[in-house]
Amino acid sequence: MLQLKQTNWNPEISSLLAKYPKWQQMLLSAIEKPKLDAGYCPFVIEIFDQHGLLAGRVNKFGCYECTRNSQDVSRFIAWMFDGELAIFYVDSHMLLNRIATQEELT
């Protein structure tokens with residue numbers, strides 16, 4: 001089962017994504033990918049918004065984050081696991097979630 005079967009987002013989300021074509025294409029490509037394996041534990045986790053990298057973690061080796069101006073509001077949040085888009089949301093709208101839920105595991 002795909003994590004999102006349709007892409008008829010509301011006009012505000014569609015307009016926002018059109019401003020960031022790279023992220024829009026990554027999102028559309030990731031929608032076609034399967035859920036991540038149940039036991040999958042990413043080595044590198046990075047979190048981005050439209051301004052770039054927010055924070056990351058490399059396994060047990062440590063975390064890193066970027067400083068931001070308080071006026072830099074995130075328009076979307078994208079979580080990358082080992083270089084693959086795994087989670088993407090705009091405000092409270094989850095557009096992509098490739099992490100399997102407990103119900104999907106049983």
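One structure accompanies this document, and this report is about it. Computed from a predicted model, the values in this text were never measured in an experiment.

## Considerations on unusual backbone geometry
- At aspartate 82, a residue that is not glycine, the phi angle is positive and equals roughly 50 degrees.
- Position of aspartate 82 relative to the elements: it lies in the loop between strand S4 (77-81) and strand S5 (84-90).
- Residue class for aspartate 82 comes out partly exposed when judged on its relative accessible area of 37%.
- A positive phi angle, close to 55 degrees, is found at aspartate 91, a residue other than glycine.
- By the element assignment, aspartate 91 lies in the loop between S5 and strand S6 (93-97).
- Look at aspartate 91 and you get exposed, because its relative accessible area is 63%.

## Considering helix H2 (residues 21-31)
- If you check which residues of H2 are buried, you get Trp23, Leu27, Ala30 and Ile31. Taken around the axis of H2, the buried residues stretch over an arc of 100 degrees, which confines them to a single face. Turned more than 90 degrees away from the buried face of H2 sit Pro21 and Lys22, all of them exposed.
- Contact partners of the buried residues in H2: helix H1 (11-18), strand S1 (44-49), S4, S5 and S6.

## A few points about the packing of aromatic side chains
- Taken as a whole and judged by the stated rule, the model has six aromatic pairs.
- When the ring of tryptophan 23 is compared with that of phenylalanine 48, the centres are 5.7 Å apart and the planes differ by 50 degrees; the resulting orientation is tilted. Within this pair, whereas tryptophan 23 is found in helix H2, its partner phenylalanine 48 is found in strand S1, the two being separated by 25 residues in sequence. Phenylalanine 48 carries the same exposure label as tryptophan 23, and that label is buried.
- Taken together, the ring pairs in this structure connect Tyr20, Trp23, Phe48, Phe76 and Phe88 into an aromatic cluster.

Conventions and cut-offs
- Residues numbered from 1 in each chain as written.
- Predicted model: local features only at pLDDT ≥ 70, side-chain atom pairs only at ≥ 80, totals over all residues.
- Heavy atoms only, no water.
- Helix = DSSP H or I, 4+ residues; strand = E, 2+ residues; numbered from the N terminus.
- Buried < 20%, exposed > 50% of the residue type's maximum accessible area, 1.4 Å probe, protein only.
- Arc of directions from axis to C-beta.
- Contact = heavy atoms within 4.5 Å.
- Phe/Tyr/Trp six-rings, centres within 6.5 Å; stacked < 30°, edge-to-face > 60°.

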